[in-house]
Amino acid sequence: AAGIPVKERVKVSQNWTHGRCRRETVLKWKCKQVATFSSIFLMPWMELDGEYLYLSQAENIQAYQLCPDGTSLQRHPQAIFSGHQEDVCRFVLVNSHIVSGGGDGNIVLHKIHGSYSVKFSAHEQEVNCVDFQGGLIVSGSRDRTAKVWSLSAGRVGQCLHTVQTEDRVWSIAISPLLSSFVTGTACCGHTSPLRIWDLESAQLLTCLGTDFHRGAGVLDVFYETPSLLLSCGYDTYIRYWDIRTSTRKCVQEWEEPHDSALYCIRSDKNHMIASGSSYYGVVRLWDKRQTRCLQSFHLSSPTSSPVYCLRFSTTHLYAALASALHVLDFTAP
């Protein structure tokens, strides 16, 4: 926002608040066909990094250059990062490195500027989620384990800890202090879907919340600060946790008004939260100071697709659905 004139910033801020934007579908891709001739939807994931948008499509991650207007992309990817035999489930972009987990049970590390890449077998089943900070990778899998991996010289790909979670791990994140990590699990075999573990010893530090219904799996988690954490998932709630205040009860919660599971969540680390729903590509904007949803956008109709991933900048919101990437441009009206 630093380079945007004050008058323009006020207009953009009001556009976000009132939901005034121009919508564009900037990329489309085909669903995969399997032997039974039924379509398998891709579950894309993405990251934003300055002038580039990184998007996973099947087993590859592609880097697209954003045009100066922020709304359109260069048609052809500038770079393609490969290495998985099956679809990329999740990936993170940290310090010019991409770390990805795939349906093949492998973790792949790429250096963005260069040919360096490392691949290692991580889990017995698909790697649903990964995070990477401070020379360590954490991963979570369908095999009901979370693991901590070293990336230090001479120990790359060495498993330091294996945590038995008793449940499929859907989401994972390392605390900004690099002292702990949180796992979001399926809430089927274990009654606590949100648990925080010590990064050095892998001991359980605390469980967040109580009385979760069976199946209230946590699909996405996001640290705002070392003590403030957002979560969302199958039970249709966004929850805002302050670990300093209480681990038993969240400090705020917002319910998805149409009773849809929430696949992804992000915040500006201030007042705004964006969430992606499981039906009809619904993106909602929330203001932490209000109890009701601020704005909602339906991006897929008539076919229904979850919003698998969303990211936003000061002026644009990007949402990845099963077969297309959509952009909301809040500078336009």
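Every chain is numbered on its own, with residues counted from 1 as its sequence reads. With pLDDT at 70 or above as the cut-off, local features in this predicted model cover only qualifying residues; side-chain atom pairs require 80 or more to be listed or tallied, and sums for whole chains, interfaces and linings still use all residues. As a convention, hydrogens and water are excluded, and side-chain values are obtained from all of the structure's heavy atoms.

Attention now goes to the pattern of salt bridges. Where charged atoms from two side chains of opposite charge come close, those side chains can pair. A pair is scored as a salt bridge if a Lys or Arg side-chain nitrogen falls within 4 Å of a carboxyl oxygen belonging to Asp or Glu. Enumeration according to the criterion identifies 12 salt bridges in this entry. Between K11 and E8 there is a salt bridge, with its nearest N and O atoms 4.0 Å apart. Note that K11 and E8 are positioned in helix α1 (residues 6-18) at a spacing of three residues, about one turn of the helix. Looking at K11, the relative accessible area reads 29%, which means it is partly exposed. Note that D287 is salt-bridged to R289, the shortest N-O span being 2.8 Å. For every residue, the accessible area obtained with a 1.4 Å probe (protein chains only) is divided by the maximum for its type, and the residue is called buried under 20%, exposed over 50%, and partly exposed between those limits. Owing to a relative accessible area of 9%, D287 belongs among the buried residues under this scheme. Accessibility expressed as a relative area gives 60% for R289, which makes it exposed. Ionic contacts of the salt-bridge type, sharing partners, join the residues R22, E24 and D329 into one network. A helix here means a DSSP run of H or I that spans at least four residues, while a strand means a run of E at least two residues long, and both kinds are numbered starting from the N terminus.

The topology assignment puts S150 in strand β14 (residues 145-150). Of the residues examined, S150 reaches a relative accessible area of 2% and is grouped as buried. Taking the C-alpha atoms as reference points, S150 and G135, 15 residues apart in sequence, are found 6.5 Å from one another. Residue contacts follow a heavy-atom distance rule, with two residues in contact if any of their heavy atoms lie within 4.5 Å. Once residues lying within four places of it in the same chain are set aside, the contact partners of S150 are G135, L136, R155, V156, G157, Q158 and L160.

We now examine the pairing of β14. For a regular strand, side chains alternate in direction, first toward one face of the sheet and then toward the other. Burial within β14 is extensive, with six of its six residues counted as buried. Because side chains alternate across β14, one face comprises the buried residues T145, K147 and W149, and the other comprises A146, V148 and S150, equally buried. Strands pair, by our definition, only if DSSP identifies at least two bridges between them. Direction of pairing for strand β13 (residues 136-141) relative to β14: antiparallel, over a ladder of five bridges. The residue of β14 that forms the bridge with I137 is W149. Here β13 folds back onto β14, and the loop between the two strands holds three residues, one of which, R144, carries a positive phi near 70°. One ladder, built from six bridges, connects β14 with strand β15 (residues 158-164); its direction is antiparallel. Each residue of the ladder has a partner; that of T145, found in β15, is Q164.

Moving on: the UniProt feature "repeat: WD" (unreviewed entry) in the chain. Per the UniProt record, "repeat: WD" (unreviewed entry) is annotated on residues 120-155. In this annotation, residues 120-155 is assigned 0% helix and 58% strand; the end-to-end C-alpha distance for the span is 12 Å. UniProt positions are given in the numbering used here, feature names are shortened, and annotations may be inferred rather than shown by experiment.

Another aspect to go through is the pairing of strand β6 (residues 60-65). Extensive coverage of β6 is indicated by the burial of five of its six residues. With six bridges connecting them, strand β5 (residues 52-57) and β6 associate as antiparallel partners. Looking at β6, one finds that L55 is bridged to Q62. The hairpin turn running from β5 into β6, its antiparallel successor, is two residues long, and A58 in that turn takes a positive phi close to 55°.

Here we take up the sheet that holds strand β8 (residues 88-94). Reading across the sheet, the four strands line up as β8-β9-β10-β11 and stay open at both edges, with antiparallel pairing between neighbours. Two strands close off the open sheet at either side, each with one partner strand: β8 and β11 (117-121). Sheet twist, expressed as the average angle between the axes of neighbouring strands with direction ignored, equals 15°. Where β8 meets strand β9 (residues 97-102), six bridges bridge the pair, whose relative direction is antiparallel. Bridge pairing in β9 links F91 to S100. Orientation is described by axes fitted as lines to C-alpha atoms, over the contacting stretch for helices, and by angles from 0 to 180 degrees between their N-to-C directions.

By the secondary structure assignment, G217 is in the loop between β19 (204-207) and β20 (218-223). As for G217 and D235, which are separated by 18 residues in sequence, their C-alpha atoms are 7.2 Å apart. Excluding residues that lie within four positions of it along the chain, G217 makes contacts with T185, A186, C187, C232, G233 and Y234.

A few words now on α1. Along an α-helix, a turn takes 3.6 residues, which lines up residues three or four apart on a common side. Helices are assigned an expected span. That span is 1.5 Å times one less than the residue count. Taking 1.5 Å of rise per residue, 13 residues should cover 18 Å, and α1 covers 18 Å from first to last C-alpha, within 8% of that figure. After α1 finishes, the residue G19 shows a positive phi value of roughly 70°.

To form a nonpolar core, buried Ala, Val, Leu, Ile, Met, Phe, Trp, Tyr and Cys residues must be joined to one another through side-chain atoms within 4.5 Å. Core analysis: the biggest nonpolar cluster contains 26 residues, and M46, L53, Y54, L55, L73, I98 and L325 have the highest contact counts within it. Residue assignment for this core shows that the elements contributing at least two residues are β1 (22-28), β5, β6, β8, β29 (316-320) and β30 (324-329). Not counting residues up to four positions away in its chain, the partners in contact with L73 are V26, L27, L53, Y64, Q65, L66, C67 and L325. Counting residues in each nonpolar core, the second largest holds 18 residues, with C21, L285, F297 and F330 among its members.

What follows covers the packing of aromatic side chains. Stacked, edge-to-face and tilted labels apply to pairs of Phe, Tyr and Trp rings (six-membered ring for Trp) whose centres lie within 6.5 Å, assigned for plane angles under 30 degrees, over 60, and everything in between, in that order. For the structure on display, the rule yields nine aromatic pairs. Look at W170 and Y234: their rings are 6.4 Å apart centre to centre, the planes differ by 75°, and that puts the pair in the edge-to-face class. Within this pair, whereas W170 is found in strand β16 (residues 169-174), its partner Y234 is found in the loop between β21 (228-233) and β22 (237-242), the two being separated by 64 residues in sequence. Assessed through its relative accessible area of 18%, W170 is described here as buried.

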